[in-house]
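Geometric and topological summary
Residues per chain, in single letters:
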Amino acid sequence: MSNIKSKLGSINYSSSEVGKVDMGTNDNYVVYINWDGFAWYYYELANSGGIVKTPVINDLIQKGVIFKNAYTGIPSITNPMQSAIVSGAWPNVTRNCYRYYDKKQKRVIQFRRENKAETIAEAAVRQGIKVASVHQFILENRGCEAGNADRPYITLGERADYEDRFDAAIKLIKGEAVGKGKSRIKLDYIPKFISIYMDDLDGLGHNNRTYGIPAAQTEEGRLCNVMRRLKQMDEKLCEFIDECKGVGIYDNMSFVLTADHGMTPYGRQDKMSDCYAKSMLLDLIGAIERGGFKTQVLSAGESPKKDTDIVLVGAGLQIQLSFTKEHTKQDLQKIMTAVLGKEYIGRIMEKDELAQRGAMDGFADLLISPRPPYSFKANSKEYIAKGQHDSLDETSQHIFSLMWGRDIKKGYNYTDRMYNIDFARTIAHLLKIDGPKCATGNILTDALI
Ligand SMILES: [Zn+2]
């Protein structure tokens, strides 16, 4: 990829009438790319020690805006965070927090793709803008629809990796037939808002077998797999940009590349068994119970026994604690005293801070996140070099985010803390439309011309 710089060429930053809604001359295109599980530290690792694995991204950083302190929300789990990004609002608005103990229903509620807020695709459709989604499942029937020529949702089946999905996006902008089954479509125009979703980094980050790539046996191997795929995705991004130039719309295009969460390592780190291989949940429960509380770990749909004081709900890393009855400040203090100082405790978050971060009301009375690479899995299995992202740790919270193209500053380092929910209203601004109705995120004006 030595000729990447010349391949990318120079972007012509034409001036625009930001803020004015004039549909007659609205020739802006926005592409929103989501690389599920693209942690900030992956990017840093890929470009550390004199090794450059993302030359295309690096070049785009020179031509756009890199967000050095981009963060996601709570819980940093795919569906709630994908919903949060497209609606520009946290789970306190979207009402999807993946899983929690509902005190009124006395039952653990599990969410799938529920989202009470309008999505950016729905907002665009409402304002007469044509939209399309390539595998961005969170917009399926939430702005985009399989087989609908005005707002297609395009999929290629379960085996379609980043390469297939970029190829589908290329076909889409070239007006070629694209998609499998009922999602197959051929457009005679280019949608103004295109959302593209890829989950290669997430699968490899979890260290699951992903698109034929076997799981690694060590943390080093897990990171190698991620780095290798990140390099390939970087190269393919260049091809996609070239194709956009080829159809003559690149100067009118703005791009967002972001993620729903990062990835936190857990489990055995090397070839020999270690103290991280097994869950610390039993030890945590022991500590809480010695504080005088009866606990119960519940999964989706389950209800606590009558004598349970605290319900524990988790997904593998962080644990949500919910009291079944009234509780006092002293009760919380007792738990904190019992668990603080434990080697495996990473971060504890109380209700006030959870609310401040946009967590859904009732999500938890206390959230306990393990220090990596410890875990709070609800079984005694031995885990080997795995990754998960339901964590308050930087590795899960700090995400990669980049914008470039029309109306976006060139070579700007955005260092203020910002969140992925800020992109929805920013995208709407670039499309010269109103943002999603319930959006609470900011327009990233400092990143715009
Ligand atoms: Zn995800």
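Sequence order as written defines residue numbering, which begins from 1 separately in each chain. For this predicted model, a pLDDT threshold of at least 70 governs which residues receive local features, and a threshold of 80 or more governs which side-chain atom pairs are given and counted, while totals over whole chains, interfaces and linings are taken from all residues. Only hydrogens and water are set aside; all other atoms, that is, all heavy atoms of the structure, feed into the side-chain values.

On the protein side, the zinc ion has Asp-36 (OD), Asp-36 (OD), Thr-78 (OG1), Asp-260 (OD) and His-261 (NE2) as donor atoms, found 2.0 to 2.5 Å from it. Within one chain, the residues serving as donors to the zinc ion are arranged as D-x41-T-x181-D-H. With Thr-78 in helix 4 (residues 78–87) and His-261 in the loop between strand 9 (253–258) and strand 10 (264–266), the pair connects residues that are 183 residues apart, well separated along the chain. Three exposure classes are used, based on accessible area relative to the maximum for each residue type with a 1.4 Å probe and protein chains only: buried under 20%, partly exposed in between, and exposed over 50%. Assessed through its relative accessible area of 14%, Thr-78 is described here as buried. Because water is not among the atoms used, a metal site may look incomplete, as its donors are only the N, O and S atoms within 2.8 Å, or 3.2 Å for Na, K and Ca. Starting at the N terminus, helices and strands are each numbered in turn, a helix being any DSSP run of H or I of at least four residues and a strand any DSSP run of E of at least two.

Within this scheme, the nonpolar core is defined by two criteria: the residues are buried Ala, Val, Leu, Ile, Met, Phe, Trp, Tyr or Cys, and they are joined through side-chain atoms within 4.5 Å. Of all hydrophobic cores here, the largest spans 90 residues; its most connected members are Trp-35, Phe-38, Tyr-42, Ile-57, Phe-67 and Leu-237. Take this core: its biggest share by element is 10 residues, from helix 9 (residues 219–246). By definition in these notes, contact holds between two residues if any of their heavy atoms fall within 4.5 Å. Setting aside residues up to four positions removed in sequence, Ile-57 forms contacts with Trp-35, Phe-38, Tyr-43, Asp-234, Leu-237, Leu-257, Phe-400 and Leu-402.

Our next topic: the packing of helix 10 (residues 281–290) against helix 11 (residues 329–339). A fitted line through C-alpha atoms represents every axis, and for helices the fit uses only the stretch in contact; the resulting angles, taken between N-to-C directions, go from 0 to 180 degrees. It is at 8 Å that the axes of helix 10 and helix 11 come closest, and there the two elements cross at 130 degrees. Put simply, helix 10 runs oblique to helix 11. Read as a crossing pair, helix 10 and helix 11 show a hand that is right-handed. Within the contact between the two elements, helix 10 uses Leu-284, Ala-287 and Ile-288 and helix 11 uses Ile-335, Ala-338 and Val-339. Note on residue classes: Ala, Val, Leu, Ile, Met, Phe, Trp, Tyr, Cys and Pro are nonpolar, Asp, Glu, Lys and Arg are charged, and everything else, Gly too, is polar. Counted by class, the contact of helix 10 with helix 11 contains 6 nonpolar, no polar and no charged residues. Just so you know how the angles are binned, under 35 degrees is roughly parallel, over 145 roughly antiparallel, 65 to 115 roughly perpendicular, and the rest oblique. Less than a right angle of anticlockwise turn of the near helix away from the far helix marks a crossing as left-handed, whereas a clockwise turn marks it as right-handed.

This part covers the pattern of salt bridges. Here, a salt bridge means any Lys or Arg side-chain nitrogen found within 4 Å of an Asp or Glu carboxyl oxygen. Scanning all chains against the criterion turns up 23 salt bridges. When the shortest N-O distance is used, the salt bridge between Arg-126 and Glu-118 registers 2.7 Å. Taking the relative accessible area as the measure of exposure, Arg-126 reaches 38% and is therefore partly exposed. A relative accessible area of 12% means that Glu-118 is categorised as buried.

Our next topic: the sheet that holds strand 20 (residues 418–419). Ordered by their spatial adjacency, 3 strands build an open sheet running 17-3-20, and the pairing between neighbours is mixed. Every interior strand has two partners, whereas the edge strands, strand 17 (398–399) and strand 20, have only one. Following DSSP output, two strands are said to pair if at least two bridges run between them. Sheet topology note: the strand 3 (residues 70–71)/strand 20 ladder contains 2 bridges and is parallel. Note on strand 20: the bridge partner recorded for Tyr-71 is Tyr-419.

Turning our attention to helix 9. Structurally, the α-helix is built with 3.6 residues per turn, so residues lying three or four positions apart point the same way. Between its first and last C-alpha, helix 9 extends 41 Å over 28 residues, near the 40 Å set by a 1.5 Å rise per residue. Taken from the residues just after helix 9, Gly-248 is the one with a positive phi, measuring 80 degrees. To estimate how far a helix should extend, the number of its residues minus one is multiplied by 1.5 Å.

So, on to the domain arrangement of the protein. Accessible area lost on assembly of the parts is the figure often given for the size of an interface. Domain annotation for the protein reports domain 1 (16–96 + 112–267 + 394–447) and domain 2 (281–384). Throughout the structure description, domain borders are defined by an automatic or database domain assignment. Of note, the centres of domain 1 and domain 2, computed from C-alpha atoms alone, are 33 Å apart. Contacts between the two partners involve 21 residues from domain 1 and, on the opposite side, 19 residues from domain 2. When domain 1 packs against domain 2, the two sides together hide about 1500 Å² of surface, and 62% of this comes from carbon and sulfur. One can count 0 salt bridges joining domain 1 with domain 2. Distance and chemistry together define a polar contact, namely a pair of N or O atoms within 3.5 Å, with one atom able to donate a hydrogen and the other to accept it when in protein, and with adjacent residues in sequence counting only for side-chain atoms on both sides. At the junction of domain 1 and domain 2, the tally comes to 5 residue pairs in polar contact (both at pLDDT 80 or more). Taken together, the elements giving at least two residues each to the side of domain 1 that touches domain 2 come down to helix 5 (91–94), strand 10 and helix 13 (394–397). Tallying contributions element by element places strand 10 first for the side of domain 1 that touches domain 2, with 3 residues. For the side of domain 1 that touches domain 2, the residue count by class is 9 nonpolar, 10 polar and 2 charged. Here's the idea: put two parts together, see how much 1.4 Å probe accessible area each one loses, and the total over both is what we call buried area.

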